[in-house]
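# A closer look at the structure
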Amino acid sequence: MSWRLARLQLPEPCLVASRRRKLHGCFSINIHSVYDFGRRFMITVYPSLEHFSQAAYDAMVRSLDLSRISCTCGMEGALYFNGSYKRRIKTKTDTYLLRVQRTRCRSCGATHAIFPADIIPYNQILLDEQIAIIRNHESGDGNRDLLNANPDIDENNVAAVIRRYDKVWMEENSDITADGSSQDSIVRKSFERTERQFLQIKRTSNIFVNRPT
Ligand SMILES: [Zn+2]
């Protein structure tokens, strides 16, 4: 049954009743499951890859034990691998398409793209480059070398990173990028404080997962 059909066939009074946890003779339904079906979330796997590449990404995915990861609906062991898609990634020196593995939850139907801690959701530039852009900007060194290294990263990209950091992250979390903080330390602190990846703007749920190293 499709999600649209399932939704159409649910009597509205039952949905309201289940929200209030008072069911008056109608069937019980997990409201979070209904509304998560077909929604797209993400999983961020910590720590970062040693050398970012498709092979390293694939090895990281293979190392995951999905039975020990809880879905955003709260169900543990319900995720399974479910297709993939291509995503454009800009590294320090080049740009390529990464094949991103997706999972789906048997319980609620939500999908979760698996990202290494190197990736910021909805952003093509890798996290280490964005941290470098912020540090170069704050130190006054500028980003000329970085722009020369990968022609696909332009001044508009750099300005967008700095703008996003200034507007959304700097006020409360500027200490996260303090001198000497490693990328993984920045990622961990960001998830501890905001439940999101560093520089992630959209508040889409992002599950933090420690992988075996
Ligand atoms: Zn779920």
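Residues numbered from 1 in each chain as written. Predicted model: local features only at pLDDT ≥ 70, side-chain atom pairs only at ≥ 80, totals over all residues.

## Quick word on the overall build of the protein chain
Quick reminder of the rule: Only DSSP runs of H or I with at least four residues qualify as helices, and only runs of E with at least two residues qualify as strands; both kinds are numbered from the N terminus onward. Counting other C-beta atoms within 10 Å of each residue's C-beta, where C-beta atoms are placed from the backbone, gives the exposure class: buried for 20 or more, exposed for 12 or fewer, partly exposed between. Our contact criterion uses C-beta atoms placed from the backbone: two residues qualify when those atoms are within 7 Å.
For the protein chain, the count of helices and strands is eight helices and five strands. When its helices and strands are written in sequence order, the protein chain yields α-α-α-β-α-β-β-β-α-α-α-α-β. Counting the 213 residues in the protein chain, one finds 25% classified as buried. Sequence separation of at least 24 residues holds for 62% of the intrachain contacts in the protein chain that already meet a minimum separation of 6.

## Looking at the nonpolar core
Operational definition: By definition, a nonpolar core groups buried Ala, Val, Leu, Ile, Met, Phe, Trp, Tyr and Cys residues that connect through C-beta atoms lying within 7 Å of each other.
Ranked by size, the top nonpolar core spans 28 residues in total, and within it Val45, Phe115, Leu127, Val161 and Phe198 carry the most contacts. Of all the secondary-structure elements, those providing two or more residues to this core are strand 1 (40-46), helix 4 (54-63), strand 4 (111-116), helix 5 (127-139), helix 7 (155-173) and helix 8 (183-194). Ranked by the residues each element gives to this core, the list is headed by helix 5, at four residues. If you look at the next biggest cluster of nonpolar residues, it comprises seven residues, including Cys71, Cys73, Cys105 and Ala110.

## Notes on helix 5
Quick reminder of the rule: Expected helix span is given by 1.5 Å per residue-to-residue step, counting one fewer step than there are residues.
In this model helix 5 runs 18 Å from its N-terminal to its C-terminal C-alpha over 13 residues, within 8% of the 18 Å that 1.5 Å per residue would give. Looking at the residues trailing helix 5, positive phi occurs at Gly140, about 85°.

## Brief notes about the confidence of the model for the protein chain
Low-pLDDT portions of the prediction should not be read for the details of their coordinates. What counts is decided by this rule: Known as pLDDT, the predictor's per-residue confidence is scaled from 0 to 100.
Within the protein chain, residue pLDDT values average 83, and 81% of them lie at 70 or more. Of all secondary-structure elements in the protein chain, the lowest mean pLDDT belongs to helix 2 (residues 12-19), at 33, while strand 4 reaches the highest, 97. Low pLDDT, under 50, characterises residues 1-33; the predicted model gives this stretch 28 contacts beyond four residues in sequence or across chains.

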